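These are the residues of each chain, in order.
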Amino acid sequence: MMIAAAMLLAATMTQAATRQQTIRIDNVNEGKTFDGIGAVNGGGATSVLLKDYPDPWRSQIMDMVFKPMWGASVSTMLVEIPGDGNSTQGSMPSHSHHRGDFNARRGYTWWVLREAADRNPSITLDATAWSAPRWVGDFWSQDMADYYVGWLKGLRYEHGLEMDAIGCHNEKGWSADFAKTLRSAMNRNGFSNVRLHGFDNWGDGKMEFVPVMKEDAELAAAIDIISAHTFSEIHLTPESRALAESFGKPIWNSEEHIYLPGFDCLITIVKCFNENYIISGATKIVNWYDIAGVYPLEPYGIEPSMLIASEPWSGHYQVREALWAYAHYGQFTRLGWQYVDSGCLLLDGGGSMVTLRDPATDDYSIIVETKEAAAPQTLQLKLGKELKKNTLCCWYSNADEQFVRARDLKVKGGTLTLTLQPGTVYSFSTTSGQQKGSFDGIPEARPFPIPYQDDFDAYSEPSQWGFLPHYTADIIGCYELATRPDGKGQCLRQTVGEHTLSWAPEWHHYCILGDAEWEDYSVEADVWLTPGDEAGVMGRVCHVGTGYGVWAKGYYLKVDDRGHCSLMITRGKLDPKELIGDAEQQALILARTDIEVGGEYVLDEADVKGLSACSWHNLKLVFEGDAITGYVDGVPAVKANDSRYGKGMAGLIAPLQESSISTPYFDNLRITPLGRTKANTTPLPSVNPLY
């Protein structure tokens, strides 16, 4: 390794380079304060399966992201304040489903925050909402401000945590009046310490509110931090940056997107971190997202996360190369350090470089990436007298190996000479203690167990589990542990009965679980309908939307409280332009199997005697090759032959009504292998509660 490192780095010009650049790094007090790098947890139920991991693997995963000087070592994080609506990969339960309702144990977000803070007490915590429950009426309202304050109170009084900052709304425009309203509400309720950032938009108009702050002193006073998204896609212009900086407030990138595979993701993240400051002046950069605790079927299930944790039943997880991009910053900087502007620049030979310094200790770090370099290049760094420490450790990552320590470098005569290879990330630092953390004994991957069943009675105290059962992933809505309506134990209920103020287009409220490779199987559950409800079971679910919208592809069996039973195929989002012509022509289009026309259609339907609200009934959906049969209370009710979707996951569904959403109960969920789907009977692990 030392030979390879010597080839990568040289303290003197022992290696020919195609370009040489001299950089004088002085005037160390001219840069901005570094506010951290990190990742979003949320913007969808990004870690819903992480909560179901057994220890020690659940703890190991959190260590890899949050433990200082071990893995990513992030210095900040941003979480979604759950609002019951889909916000990319899924939905998370609100602390306040309806006016007057409050519970600070719903969901797992509180637990993620606590775990991060326990590992790194210096981490700064940030949050904003993607969606909100219907009762708040208008997102830019006093009710929404009170909703935010209620969440802050739950975090403080139930979990002992304080937010450092909070945003107004994720990617949904801006409102000067709301910023003032929220600032006032936080001040009145004891949260004047929580800084407010706005407005977290993306696109060409993301900074359009900044000129208004010049004319509106109250707005300028309410906004503590100027924030927006995706500076790597659209940099701030020199003019917009100068205007933002004229207020003397930090500029934050509160959500960056790097959707790339492998090492390309790693080097591009570092490039993004560097250029966000060099070009746009951003002092905090947060990427979407951290831990992929989602089913691979869900959108963005691998990229751009830093770690994949999609198999709690096996304990298997996988660290992506992307995680080490964060380590190149996280293990070499600290919150409160200062950028050294003369050492922050785009390199002549391609790439970028950022220098940061600790004013208290005179330690400093230099972080370089050469993604755009075509050949080796040499940098001669002329260091000012404040950068007086003369020995620097060196760590590098390239396409072949990530986060590797090379030999230390020496400053000679005030000059540090670096020979840099193209396509490489480097961190040089006078600090120590860095390490490439890892854990032995990560279990092998294995398929989701089948047969599978859950009667929901094993969760003795539902609040300890965030009211969420194992392995279900809510795509939209909230499937929560509840007391059975007949009082005979526990069950699952879809608890959101109204359309949310959703970030993404809505569909029926449903959850999924299982294995996308299942072919032949049955999925069944007992259902209890409240008056006016419909309820169903799903199978061969092979698509759950693109990340903006949640239309499924697959099949479902549903019943209503009048005994009407329907076997449905759902083919994703319907584009009206696809259905042209009269009814006969449209039918021909829908009958074709070589195109994917969206919408949902009845394959068969029937009326079932004796089925009514306020009593339990069993629904079972059976797949055997192209034959699909729906049973009600053990009796075949509907059937069809259809070959469009041959495999996919199971699920539960609460269909939309004309003016509301069904809130049925589900119990005794069972999934049984048939035919081509073979049994996998590995015992499920024991999992510790969240709270």
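Note that residues are indexed from 1 along each chain, following the sequence as it is written. Whole-chain, interface and lining totals are the exception, using all residues; otherwise, since this is a predicted model, local features are given only for residues with pLDDT of at least 70 and side-chain atom pairs are given and counted only at 80 or more. Note: side-chain values were computed over all heavy atoms of the structure, leaving out hydrogens and water.

## Some thoughts on unusual backbone geometry
We apply this condition: In this description a helix means any DSSP run of H or I spanning at least four residues, a strand means any run of E spanning at least two, and both kinds are numbered starting from the N terminus.
A cis amide bond links Glu303 with the next residue in sequence, Pro304, at an omega value of 15°. Looking at where Pro304 falls in the secondary structure, it is placed in the loop between strand 10 (291-292) and strand 11 (307-311). Omega for the bond connecting Ile450 with Pro451 falls within 30 degrees of zero, at 5°, which places this linkage in the cis form. Relative to the helices and strands, Pro451 is located in the loop between strand 21 (425-429) and strand 22 (452-454).

## Digging into the pattern of salt bridges
Between side chains of opposite charge, a pair can form as their charged atoms come close. We count it as follows: By definition, a salt bridge exists where a carboxyl oxygen of Asp or Glu is found within 4 Å of a side-chain nitrogen of Lys or Arg.
Across all of its chains, the model carries 30 salt bridges by this definition. Here Asp224 and Arg183 are joined by a salt bridge, their closest N and O atoms 3.1 Å apart. Note that Asp224 is positioned in the loop between helix 7 (217-222) and strand 7 (225-229) and Arg183 in helix 5 (residues 176-188), a separation of 41 residues in sequence.

## Some thoughts on the sheet that holds strand 7
Selection rule: The pairing criterion is simple: DSSP has to find at least two bridges between the two strands. Lines fitted to C-alpha atoms define the axes here, with helix axes fitted over just the stretch in contact, and angles between the N-to-C directions of these axes take values from 0 to 180 degrees. The contact criterion used throughout is that any non-hydrogen atoms of two residues lie within 4.5 Å.
Reading around the circumference, 2-3-4-5-6-7-8-9 is the order of the eight strands in this closed barrel, with parallel pairing throughout. Along the sheet, successive strands turn relative to each other by an average axial angle of 25°, direction set aside. Pairing of strand 5 (residues 165-167) with strand 6 (residues 195-199) involves three bridges; the strand directions are parallel. If you follow Gly167 over to strand 6, its bridge partner there is His197. Contacting strand 3 (76-80), strand 4 (124-128) and strand 5, helix 4 (residues 142-159) runs over the sheet at an angle of about 150° to strand 5. Helix 9 (residues 262-278) contacts strand 2 (36-41), strand 8 (251-256) and strand 9 (284-288) of the sheet and is inclined by roughly 150° relative to strand 9.

## Here's the deal with the side chain of Thr333
We apply this condition: Side-chain atoms alone can form a polar contact between residues adjacent in sequence; in general such a contact is a pair of N or O atoms within 3.5 Å, and within protein one must be able to donate a hydrogen while the other accepts it.
Assignment of secondary structure puts Thr333 in the loop between helix 10 (323-330) and strand 13 (338-339). Within the local environment of Thr333, its side chain forms a polar contact with the backbone oxygen of Tyr329, the two atoms lying 2.7 Å apart.

## Some points on the packing of helix 4 against helix 5
For the record, the criterion: For classification purposes, an angle smaller than 35 degrees is called roughly parallel, one larger than 145 roughly antiparallel, one from 65 to 115 roughly perpendicular, and anything else oblique. Should the near helix be turned counterclockwise from the far one by less than a right angle, the crossing is left-handed, whereas a clockwise turn marks it as right-handed. Any residue that is not Ala, Val, Leu, Ile, Met, Phe, Trp, Tyr, Cys, Pro, Asp, Glu, Lys or Arg is counted as polar, Gly included; the first ten are nonpolar and the last four charged.
Interaxial distance between helix 4 and helix 5 falls to 9 Å at its minimum, and their mutual angle equals 40°. The angle between the axes of helix 4 and helix 5 places the two elements in the oblique class. By crossing handedness, the relation of helix 4 to helix 5 is classed as right-handed. Across from Gln142, Met144, Ala145, Tyr148, Val149 and Leu152 in helix 4, the residues of helix 5 making contact are Phe178, Thr181, Leu182, Ala185, Met186 and Arg188. The residue makeup of the contact of helix 4 with helix 5, split by class, is nine nonpolar, two polar and one charged.

## Description of the confidence of the model for the chain
The test is simple: A score from 0 to 100, pLDDT tells how confident the predictor is in each residue.
Residues of the chain with pLDDT of at least 70 account for 97%, and the chain-wide mean is 95. Overall, residues 1-17 carries pLDDT values under 50, and its contacts beyond four positions in sequence, including any with other chains, amount to 40 contacts.

## Some points on the state of the cysteines
The bond known as a disulfide is covalent and runs between the sulfur atoms of two cysteines. The condition is simple: Cysteine sulfur atoms are paired as a disulfide whenever they fall within 2.5 Å.
Under the defined criterion, the tally for this structure stands at zero disulfides. Of all cysteine sulfurs in the structure, the one in Cys511 sits closest to Cys565, which takes part in no disulfide; the separation is 19 Å.

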